[in-house]
Amino acid sequence: MNGMEWMDFIRRTEDKMHHLHRAIDEICNKPDYQESVTALTEILRDYQTLVEKAKDELRDVNLEEEH
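Residues numbered from 1 in each chain as written. Predicted model: local features only at pLDDT ≥ 70, side-chain atom pairs only at ≥ 80, totals over all residues. Heavy atoms only, no water.

Engineer: Describe in detail the packing of helix 1 (residues 3-27) against helix 2 (residues 34-60), supporting the description with residues and values.
Structural biologist: Their axes nearest at 9 Å, the elements helix 1 and helix 2 cross at an angle of 160°. The orientation of helix 1 with respect to helix 2, classified from their angle, is roughly antiparallel. Helix 1 and helix 2 meet at a crossing whose hand is left-handed. Tallied by class, residues from the contact of helix 1 with helix 2 come to 18 nonpolar, six polar and four charged. (Axes fitted to C-alpha atoms, helices over the stretch in contact; angles between N-to-C directions. Helix = DSSP H or I, 4+ residues; strand = E, 2+ residues; numbered from the N terminus. Parallel < 35°, antiparallel > 145°, perpendicular 65-115°, else oblique. Left-handed = near helix turned anticlockwise from the far one by under 90°. Nonpolar A, V, L, I, M, F, W, Y, C, P; charged D, E, K, R; others polar.)

Engineer: Summarise the pattern of salt bridges; cite the residues concerned and give the values.
Structural biologist: Counted according to the given criterion, the structure contains four salt bridges. Across the salt bridge formed by E14 and K55, the nearest N and O atoms sit 3.7 Å from each other. One end of the pair, E14, is in helix 1; the other, K55, is in helix 2, and 41 residues separate them in sequence. With relative accessibility at 28%, the residue K55 sits in the partly exposed group. When salt bridges with common partners are traced through the structure, they connect D8, R11 and R12 into a single cluster. (Salt bridge = Lys/Arg side-chain N within 4 Å of Asp/Glu carboxyl O. Buried < 20%, exposed > 50% of the residue type's maximum accessible area, 1.4 Å probe, protein only.)

Engineer: Describe the nonpolar core, listing the residues and the values that go with them.
Structural biologist: Counting residues in each nonpolar core, the largest one holds 11 residues, listed as W6, I10, M17, L20, I24, I27, V37, L40, L44, V51 and A54. Elements with a minimum of two residues in this core: helix 1 and helix 2. Ranked by residues supplied to this core, first place goes to helix 1 with six residues. (Core = buried A, V, L, I, M, F, W, Y, C linked by side-chain atoms within 4.5 Å.)

Engineer: Could you give me a rundown of the environment of L40, with the residues and numbers involved?
Structural biologist: The topology assignment puts L40 in helix 2. Ignoring sequence-local partners within four residues, the contact set of L40 consists of L20, A23, I24 and I27. (Contact = heavy atoms within 4.5 Å.)

Engineer: Which residues make up helix 2, and what values go with them?
Structural biologist: With 27 residues, helix 2 extends 40 Å between its outermost C-alpha atoms, agreeing within 8% with the 39 Å of an ideal straight helix rising 1.5 Å per residue. If you check which residues of helix 2 are buried, you get V37, L40, L44, V51 and A54. Close packing links the buried residues of helix 2 with helix 1. (Expected span 1.5 Å × (residues − 1).)

Engineer: I'd like a rundown of the environment of R12, residues and numbers included.
Structural biologist: Within the element layout of this structure, R12 appears in helix 1. Exposure remark for R12: the relative accessible area of 37% places this residue in the partly exposed category. On a C-alpha basis, the gap between R12 and R59 in space is 18 Å, while along the polypeptide they are 47 residues apart.

Here you go:
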């Protein structure tokens with residue numbers, strides 16, 4: 001992927017993470033949803049790992065035009 005694609009991937013993934021955080025905040029104190037909170041938290045960790053890997057890839061993208 002090029003730099004713009006990595007940036008778009010990071011933006012979309014961080015947007016998903018924001019929505020997951022909001023969902024967790026909404027249900028975290030409801031005992032019936034504790035298993036869901038655990039699962040959503042694990043998904044957030046997976047997304048965070050993906051974002052960190054994407055940022056590493058973006059750092060390695062050569063932004064100079066090749067001649």
